[in-house]
Amino acid sequence: MKVVAVSDSKGGIYNPDGLDPDEVLKWKREHGSVKDFPGATNITNEELLELEVDVLAPAAIEEVITEKNADNIKAKIVAEVANGPVTPEADDILREKGILQIPDFLCNAGGVTVSYFEWVQNINGYYWTEEEVREKLDKKMTKAFWEVYNTAKEKNIHMRDGAYVVAVQRVYQAMLDRGWVKK
């Protein structure tokens, strides 16, 4: 995939031919914003959300996709990198439009997962290379995605609800394993 748009608190930029993320980051560090990046068109953050893209990744603040703009979202996938970027009302609209949503507590769980890996390493006094951590993270996150996706498809429910079902099933199984409840 190629990155065609990015934004910050001051606005966004767009280039349908793609943007070099390293160059955009360098520009932001030097100029305080991504705005006016050479070779890109300045756009508003609202316009960025409504671009015709394969993947939209709201990654900064909550409730940027609401019932007011959800119908204008053209992405095929909304990867919720921020916490709560989509309101419950917008959830329903995106689902009706057939847009696949990767819910925030699944999509942005990588940091928490790596923190768990650090804890495991510290307890054992054995440390993995960065490559090993990335490999383990990829495996764990990919497995979690497919569990949620398959559950949502099987039960014909929203991905967010699929994630809740998987989570509750895991808690129930842990309770069974510990003898806290019986089948």
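Scroll up to find the structure this text is about.
Remember, predicted model here, so these are calculated numbers, not experimental data. (Residues numbered from 1 in each chain as written. Predicted model: local features only at pLDDT ≥ 70, side-chain atom pairs only at ≥ 80, totals over all residues. Heavy atoms only, no water.)

### Description of the overall build of the chain
And step 1. Tallying secondary structure elements over the chain gives 7 helices and 6 strands in all.
And step 2. Ordered by position from the N terminus, the helices and strands of the chain form the series β-β-α-β-α-β-β-α-β-α-α-α-α.
And step 3. Along the first, second and third principal axes, the C-alpha atoms of the chain reach 60 × 45 × 25 Å.
And step 4. For the chain, the proportion of its 183 residues judged to be buried stands at 36%.
And step 5. For the chain, the share of sequence-separated contacts (at least 6 apart) that also reach a separation of at least 24 residues comes to 38%.
And step 6. Accessible area for the chain stands at about 12100 Å²; split by element, carbon and sulfur atoms hold 52% of it.
And step 7. Each charge class in the chain was averaged separately, 23 positive and 32 negative side chains, and the resulting centres sit 6 Å apart. (Helix = DSSP H or I, 4+ residues; strand = E, 2+ residues; numbered from the N terminus. Buried < 20%, exposed > 50% of the residue type's maximum accessible area, 1.4 Å probe, protein only. Contact = heavy atoms within 4.5 Å. Areas by Shrake-Rupley, 256 points an atom, 1.4 Å probe, with all protein chains shown as cover. Lys, Arg positive; Asp, Glu negative; His and termini not counted. Charge placed at Lys NZ, Arg CZ, Asp CG, Glu CD.)

### Quick word on the packing of helix 6 (residues 130-155) against helix 7 (residues 159-177)
And step 1. Remark: helix 6 packs on helix 7, axes separated minimally by 8 Å, with the N-to-C direction vectors making an angle of 110°. Here helix 6 lies roughly perpendicular to helix 7, going by the angle between them. By crossing handedness, the relation of helix 6 to helix 7 is classed as right-handed. Here helix 6 contributes F145, E147, V148, Y149, T151, A152 and K155 to the contact with helix 7, which in turn contributes M159, G162, A163, V165, V166 and R170.
And step 2. Looking at the contact of helix 6 with helix 7 residue by residue, the class counts come to 8 nonpolar, 2 polar and 3 charged. (Axes fitted to C-alpha atoms, helices over the stretch in contact; angles between N-to-C directions. Parallel < 35°, antiparallel > 145°, perpendicular 65-115°, else oblique. Left-handed = near helix turned anticlockwise from the far one by under 90°. Nonpolar A, V, L, I, M, F, W, Y, C, P; charged D, E, K, R; others polar.)

### Observations regarding the nonpolar core
Side chains of a nonpolar character, in soluble globular proteins, are inclined to be buried together.
And step 1. Core analysis: the largest hydrophobic core is formed by 18 residues, its most contacted members being L56, I65, I73, V78 and L94.
And step 2. Contributions of two or more residues to this core are made by helix 2 (45-49) and helix 3 (88-96).
And step 3. Looking at which element gives the most residues to this core, the answer is helix 3, with 3 residues.
And step 4. For this core, the domains that each give at least three residues are domain 1 (1-49) and domain 2 (52-102).
And step 5. Not counting chain neighbours up to four residues away, the residues in contact with L56 comprise L48, L49, I65, I73, A75, I77, V78 and A79.
And step 6. With 10 residues, the next largest nonpolar core counts A79, A144, A152 and V166 among its residues. (Core = buried A, V, L, I, M, F, W, Y, C linked by side-chain atoms within 4.5 Å. Domains from an automatic or database assignment.)

### So, helix 3
Side chains of residues three or four places apart in an α-helix project in the same direction, reflecting 3.6 residues per turn.
And step 1. For helix 3, the complete set of buried residues consists of A90, D91, I93 and L94.
And step 2. Considering only its buried residues, helix 3 is in contact with strand 5 (77-79), strand 6 (100-102) and helix 7.
And step 3. Positive phi appears at G98, one or two residues downstream of helix 3, with a value of about 80°.

### Things to note about the sheet that holds strand 1 (residues 5-8)
And step 1. Taken together, 3 strands build an open sheet; the order of strands is 1-2-3 and the sheet is antiparallel. The strands lining the two open edges of the sheet, one partner per strand, are strand 1 and strand 3 (41-43). The sheet shows a mean angle of 25° between the axes of neighbouring strands, direction not considered.
And step 2. Both strand 1 and strand 2 (residues 11-14) contribute to a ladder of 4 bridges, which runs antiparallel. When the bridges of strand 2 are listed, S7 appears paired with G12. (Pairing = 2+ DSSP bridges.)

### Quick word on the packing of aromatic side chains
And step 1. Throughout the structure, instances matching the rule amount to 8 aromatic pairs.
And step 2. Ring plane angle 90° and centroid distance 6.0 Å describe the contact between W27 and F37, whose orientation is recorded as edge-to-face. Of this pair, W27 sits in helix 1 (residues 21-31) while F37 sits in the loop between helix 1 and strand 3, and the two are 10 residues apart along the sequence.
And step 3. Owing to a relative accessible area of 11%, F37 belongs among the buried residues under this scheme.
And step 4. Between Y116 and F117, the aromatic rings sit 6.0 Å apart at their centres with planes inclined by 50°, giving tilted as the arrangement.
And step 5. A residue is classified by how much of its surface remains accessible, and F117, at 5% relative accessible area, is buried.
And step 6. Across the ring face of W128, the terminal group of K136 is positioned such that the distance to the ring centre comes to 4.7 Å.
And step 7. Over the ring of W180 we find R178; its NZ or CZ atom is 5.8 Å from the centre of that ring. (Phe/Tyr/Trp six-rings, centres within 6.5 Å; stacked < 30°, edge-to-face > 60°. Lys NZ or Arg CZ within 6 Å of the ring centre and 35° of its normal.)

Any link to function would need more than the numbers given here.
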